[in-house]
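Commentary on secondary and tertiary structure
Okay, here's what each chain looks like letter by letter:
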Amino acid sequence: MKIKSHIYLLLFLIQATFASANNLNEDPGGVYLFAYSTNDGRSGLNLAWSVDKENWHEIGTNHTFLFSDFGSWGSQKRMYDPYLFQDNEDAWHCIWSLNDEVNVFAHAASKNLYEWERQSYPQVMDFGNFKEPEVYYDASEENFVISWLSNTVENSTQEAYQTTTTDFKNYSETKKIALSDRKNERVEIILNGKEEKGVVYKVAWNLVAQLIKHEEWVQFHNNERNESLNDDPQRFKDLKPLDADITLRPENGKEISNLLIGVFFEDINYAADGGLYAELIQNRDFEYHVSDTKFRDSTWTSTKAWSVNSEAVELSIETTSPIHKNNPHYAILDVKKTGSGLINEGYEGIPVKQGEKYDVSLFAKNFGDSKQNLLVKIKDESGKVIGETSIKNIDKDWKKYQSVIKVKSTAINAQLEVVPSARGKLALDMISLFPQSTFKKRKNGLRADLAQTIADLNPKFVRFPGGCVAHGDGIDNIYKWKNTIGDLEERVPQPNIW
């Protein structure tokens, strides 16, 4: 009897809580919204609501309303200390800490808390980290004040810093503030028997109702996506046989837009370099680094794809006085015996065609006192020379040299060989072998056959960079279009996360 009465009491309390919540359309006081993150930042932005700030209800089980898209998978993609607030124009903003190492924070804006604009990652510290951010609107200055805590390299103790913004695009110079200037508005609540830390905001019940409906909609479609043929026997067990006559009525058909078909290019493995991009020399700028592969490939270094043809020549990599600061590495050849030189294997071989012309270009400078020339050869799989050209009078300073090689016979796995004419030291960089027969004959262009295949699809749009490549491996590895224009030797190399 006591058990039954306790059950009735529990059901009554649950009904009373939801009844009071549903009547809040008539209550100008609204309800309370709690913003937090769990699972060591992996959960993204979670939300819960309450009528009395005592009894809290999560909106969906671990449902993510905003996911942090910063950095690589695994150790990153975290949302720490999310701070949710509404501005003076009713737009919602969320800022959060990314990890204990970077000196940037994340920001995103939304009109409804589930459809978010693109994330940005402003750098606000020259050193140190960014933790527990807070934001408030300063009406007198008509700007937003952002403060945070940081453990700097110079001082291991925790300090407070601040910046201001009017648009979350441009930020004032960061300045140090007193810890007492912080509002420290984060609170701890008990949710599902577990202590959670976050910020509380008072809102109208209608907003919470919309969030609940959105979560239910997402859950419904997730269940649909998870359906499989293995579920069919249970799902369709009550269906009865049906005889039907189907009549097609093409006159009632609907036209489909011709703008919906496009192509998606994501630079995975050798899709760009070694693929669509027509350059035939791999690691032409000697900028490969083992960190590009997260140290998984010990061969991925400045000498990847390069070798020498003799023990009478030494290959080393230097960074003093490069062509440009954006490409600091270059090769030094110390030739002890003439005929010795540098070899590039391309991308698992260099494919060339009989009768085709190939542009050769490179930067070089001569360290020796004697006259220095270069012989540039293309050799087939057997070592036979199938095309060559000479470059004469290498200067004492960096200079770009160009020539053309016409290939005598077709080869799939050819190699390029650069042979100095005299003994001594020589610097080389940005060594290139480029087919003249590119897509639409464009200099520094695309591989003709692959690009034409894509063009024949008649795509109405191109999605690029797309996928994981769009966000890269962190703030320094995100695609920036300004780094992709200008002279090749001045462009910033872009390590590929794949």
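Here goes a summary of the coordinates provided. (Residues numbered from 1 in each chain as written. Predicted model: local features only at pLDDT ≥ 70, side-chain atom pairs only at ≥ 80, totals over all residues. Heavy atoms only, no water.)

Next up on the list: the overall build of the protein chain. Each helix and strand counted, the protein chain has six helices and 25 strands in total. If you line up the protein chain on its principal axes, its C-alpha atoms span 100 × 80 × 45 Å. Taking all contacts inside the protein chain whose residues are at least 6 apart in sequence as the whole, residues at least 24 apart take part in 60%. Within the structure as shown, the protein chain displays about 29,400 Å² of accessible surface, and the carbon and sulfur contribution to it stands at 50%. For the protein chain, the separation between the mean place of its 57 positive charges and that of its 72 negative charges on side chains is 7 Å. (Helix = DSSP H or I, 4+ residues; strand = E, 2+ residues; numbered from the N terminus. Contact = heavy atoms within 4.5 Å. Areas by Shrake-Rupley, 256 points an atom, 1.4 Å probe, with all protein chains shown as cover. Lys, Arg positive; Asp, Glu negative; His and termini not counted. Charge placed at Lys NZ, Arg CZ, Asp CG, Glu CD.)

This next bit is on the pairing of strand β16 (residues 330–335). Of all six residues making up β16, six are buried, and the element is well covered by its neighbours. Here β16 shows a buried face lined by Y330, I332 and D334 and a second buried face lined by A331, L333 and V335. As paired strands, strand β15 (residues 313–318) and β16 are joined by six bridges and run antiparallel to one another. For L315, the partnering residue across the bridge sits in β16 and is L333. Two strands pair when backbone bridges link them, and β16 and strand β24 (residues 424–435) are joined in this way by five bridges, in the antiparallel orientation. Among the inter-strand pairings, D334 is bridged to a residue of β24, identified as K425. (Buried < 20%, exposed > 50% of the residue type's maximum accessible area, 1.4 Å probe, protein only. Pairing = 2+ DSSP bridges.)

Another point: the pattern of salt bridges. Under the criterion given, the structure shown has 13 salt bridges. D40 is the salt-bridge partner of R78, the closest N and O atoms lying 2.9 Å from each other. Here R78 is found in the loop between β3 (56–58) and β4 (80–86), whereas its partner D40 is found in the loop between β1 (31–36) and β2 (46–50), with 38 residues between them in sequence. On the accessibility criterion, R78 (7% relative accessible area) is buried. D40 gets classed as partly exposed once you look at its relative accessible area, which sits at 47%. We note a salt bridge from K336 to D334, for which the minimum N-O separation is 3.1 Å. Its relative accessible area of 14% is what places D334 among the buried residues. Three or more residues joined by partner-sharing salt bridges are found here, namely E227, D232 and R235. (Salt bridge = Lys/Arg side-chain N within 4 Å of Asp/Glu carboxyl O.)

L33, L45, L47, L84 and L113 are the most contacted members of the largest nonpolar core, which has 43 residues in total. Contributions of two or more residues to this core are made by β1, β2, β4, β5 (92–97), β6 (105–110), β8 (143–150), β12 (194–203) and α2 (205–225). A total of five residues in this core trace back to one element, the largest contributor, which is α2. Those residues in contact with L33, other than ones at most four positions away along the chain, are L47, A48, W56, I59, L84, L113, V199, V200, Y201, V203, V208 and L211. Membership of the second largest hydrophobic core comes to 32 residues, among which are A331, L362, I405 and L416. (Core = buried A, V, L, I, M, F, W, Y, C linked by side-chain atoms within 4.5 Å.)

The end-to-end C-alpha distance of α2 is 30 Å, a good match for the 30 Å that 21 residues give at a rise of 1.5 Å each. Those residues of α2 lying buried are W205, L207, V208, A209, L211, H214, E215 and V218. (Expected span 1.5 Å × (residues − 1).)

Glancing now at the sheet that holds β2. Taken together, five strands build an open sheet; the order of strands is β3-β2-β1-β12-β11 and the sheet is antiparallel. Each end of this open sheet is capped by a strand with a single partner; those strands are β3 and β11 (187–191). On average, each strand axis in the sheet is tilted by 45° relative to the strand beside it, whichever way the strands run. Of the strand pairs in this sheet, β11 and β12 are connected by five bridges, and their pairing is antiparallel. Directly across from I189, in β12, lies its bridge partner E196. (Axes fitted to C-alpha atoms, helices over the stretch in contact; angles between N-to-C directions.)

This paragraph deals with the sheet that holds β6. Pairing in this open sheet of three strands is antiparallel, and the strands run β4-β5-β6 from one edge to the other. The outermost strands of the open sheet, each flanked by one partner alone, are β4 and β6. Each strand of the sheet is rotated relative to its neighbour by a mean of 15°, with strand direction disregarded. Direction of pairing for β5 relative to β6: antiparallel, over a ladder of six bridges. Looking at the pairing, W96 lines up with A106 of β6.

Locating G274 in the fold gives a position in helix α4 (residues 272–276). Between the C-alpha atoms of G274 and I350, which are 76 residues apart in sequence, the distance is 9.6 Å.

Residues I256, L260 and I261 make up a contiguous nonpolar surface patch of about 370 Å² in total accessible area. Residue position: I256 is located in the loop between α3 (232–235) and β13 (263–264). (Patch = residues over 30% accessible without salt bridge, like charges linked within 9 Å, V, L, I, M, F, W, Y side chains within 5 Å.)

Our focus in this paragraph is the side chain of S97. Examined against the element boundaries, S97 turns out to sit in strand β5. Residue classification places S97 among the buried positions, given a relative accessible area of 2%. Of note is the side chain of S97, whose polar atom sits 2.5 Å from the backbone oxygen of F130. In this view, S97 contacts R78, M79, Y80, D81, F130, K131 and P133; residues no more than four positions away in its chain are not counted. (Polar contact = N/O pair within 3.5 Å; in protein donor to acceptor, adjacent residues only side chain to side chain.)

Turning next to the packing of aromatic side chains. The final tally for this structure, using the stated rule, is 21 aromatic pairs. Between W49 and W205 the ring centres are 4.9 Å apart and the planes differ by 65°, which places this aromatic pair in the edge-to-face class. Placement of the pair is W49 in strand β2 and W205 in helix α2, with a sequence separation of 156 residues. When sorted by exposure, W49 lands in the same class as W205, which is buried. Relative to W300, the ring of Y288 lies with its centre 4.2 Å away and its plane at 5°, an arrangement referred to as stacked. Here Y288 is found in the loop between α4 and β14 (306–308), whereas its partner W300 is found in the loop between α4 and β14, with 12 residues between them in sequence. Each of the two residues, Y288 as well as W300, counts as buried. An aromatic cluster is defined as three or more aromatic residues linked by ring pairs; in this entry it consists of Y83, F85, Y137, F144 and F168. (Phe/Tyr/Trp six-rings, centres within 6.5 Å; stacked < 30°, edge-to-face > 60°.)

Another aspect to go through is the environment of P351. By secondary structure assignment, the location of P351 is in strand β18 (residues 350–352). Setting aside its immediate chain neighbours within four residues, P351 contacts L280, Y358, A411 and I412.

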